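An overview of the molecular structure
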Amino acid sequence: MVAITAPSSIEHIPLVRCPKANAGPPAVIPSIDLSAPGAEAAVAEACRSLGFFKATNHGVPAGLADALEAGAMAFFALPHQEKLDMSGPARPLGYGSKSIGSNGDVGWLEYLLLSVSSSSVPSSALPPSLRVALEEYTRAVREVGGRVMELMAEGLGVAAEEREVLRRMVVGREGSEEMVRVNHYPPCLLPAGRDCGVTGFGEHTDPQIISVLRSNCTAGLQILLRDARWVPVPPDPDSFFVNVGDSLQVLTNGRFRSVKHRVVAPEGRESRLSVIYFGGPAPSQRIAPLPQVMREGERSLYREFTWGEYKKAAYKTRLGDNRLGPYELK
Ligand code: GA4
C-alpha cells in the first residue's frame, strides 16, 4: 500500500491493487427490454446464470438521472469539510471518503449513503437541488425495482395472484429498508501496475434483495462470471443494471444467485459517478425460501434468518467475505 496525493477531496488514500479483468472474449451482459413480451423469462434466465442484467425501456425519463448526476457532481466538488458538515460521516449513513464500512475496507472513492425509505429522502442538510433530484430519482427507480421484482416472480413461475410477493417486501412496505448510494470515483492518475488497476470498490455481493445501478459514461464496473472470470460491464447511462442480492438468493432457494461485483478506479480523465438503489425489506422480514417457488419435498439450502439479523452480521464482515456462508445448510 502506498499513500499518494490526488486531486479533489480524496487526499491520501492507500492504494489497493485490483487485478485487471480477464482478457479473452468479452462477456455478453444480457440486455432486457422490460416492456417486451417474454421479459419475465429473460429476467429469470439472467438471474439464474449471472445474477445480473441490463434493463432497457424502463420508462424513467433521462432528465431525472441527469439532474441527480449534476447535483451530485456539484456536491462532490465542495471542500471535504463542507461535505462532512452537510451529511455527517458515514456511520454507515452519510458522507464517506476512502473507507467503506467499519472493518478496514478502503477504495478510491467518495460517496453518499442515504436511507430513502417510503416517500421521504434525507432530512439532512444536503443542497436543496440535490435533495429534490434524489427524491425524484428514487421515486422512479423504486418503481423499476418493483417492476423487476414482479418479473422475477413471474419468471420463477409464481401464480399471477401472488406475483407481488417480492415487490411487497420492499416497495411501500412499512419499515422496509431502501437506500441510495452515490459513488464518485475520481480518475486515478498513478499507474498501479501493468496488470493491475486501483480498487475503487472492492469485490462483494449486496446483502439486500435487489440493487439497481445507473452510472455515467465512465467505465469501471466488473462482475464475476460463474467460470471465475472477472469481466467489465460497458457503461450505459440510458439503462439500469440490476443485481441479485444475497437475500434474493435465499428467497429463491439458490435459483437466483447474488453476483460478485467490484469497481476499478478510472485511469483516464473522467470521473465515474454511479447511483445505486438498494431494495431491502423490513428488519423483521423472515428470509427463507418462498413457498411459492419451492417444489414439493424441496429442502431449504439455508438456515432461516431475519433481514435485521443478516444486516447486523453483515456489518461485522469485510467487504469481500462470503456473508451467506454461515447460513448454508450442508
Ligand atoms: C455492500 C452493498 C451496499 O453498498 C452497502 C454496503 C455496506 C456499507 O458500505 O456500509 C457494507 C457492505 C455493503 C457489505 C458488508 C459491510 C456493510 C460495507 C461492509 C464492509 C450499503 C450494504 O448494504 O452492504
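Residues numbered from 1 in each chain as written. Predicted model: local features only at pLDDT ≥ 70, side-chain atom pairs only at ≥ 80, totals over all residues.

Per an unreviewed UniProt entry, the protein goes by the name Fe2OG dioxygenase domain-containing protein and belongs to Oryza brachyantha. In its Cofactor (unreviewed entry) section, the UniProt entry covering the protein states "L-ascorbate". Reading the Sequence similarities (unreviewed entry) entry of the UniProt record for the protein gives the comment "Belongs to the iron/ascorbate-dependent oxidoreductase family." (UniProt positions renumbered as here; feature names shortened; annotations may be inferred.)

1. A look at unusual backbone geometry
A cis amide bond links Arg91 with the next residue in sequence, Pro92, at an omega value of -5 degrees. Relative to the elements of secondary structure, Pro92 occurs in the loop between helix H3 (80-87) and strand E6 (94-100). We note that Lys98 has phi near 75 degrees; this positive angle belongs to a residue other than glycine. Counting through the fold element by element, Lys98 comes out in strand E6. The phi dihedral of Ala228 is positive, around 70 degrees, even though this residue is not glycine. With respect to the secondary-structure elements, Ala228 resides in the loop between strand E11 (221-224) and strand E12 (230-232). (Helix = DSSP H or I, 4+ residues; strand = E, 2+ residues; numbered from the N terminus.)

2. Focus: the sheet that holds strand E9 (residues 196-204)
One open sheet holds the five strands; their spatial order is E3-E9-E14-E11-E12, and the pairing between them is antiparallel. Strands at the two margins of the open sheet, each flanked by one partner only, are strand E3 (17-19) and E12. The sheet shows a mean angle of 45 degrees between the axes of neighbouring strands, taken without regard to direction. As judged from the three bridges shared by E11 and E12, these two strands associate in the antiparallel manner. Paired with Ile223 across the strands is Val231, a residue of E12. (Pairing = 2+ DSSP bridges. Axes fitted to C-alpha atoms, helices over the stretch in contact; angles between N-to-C directions.)

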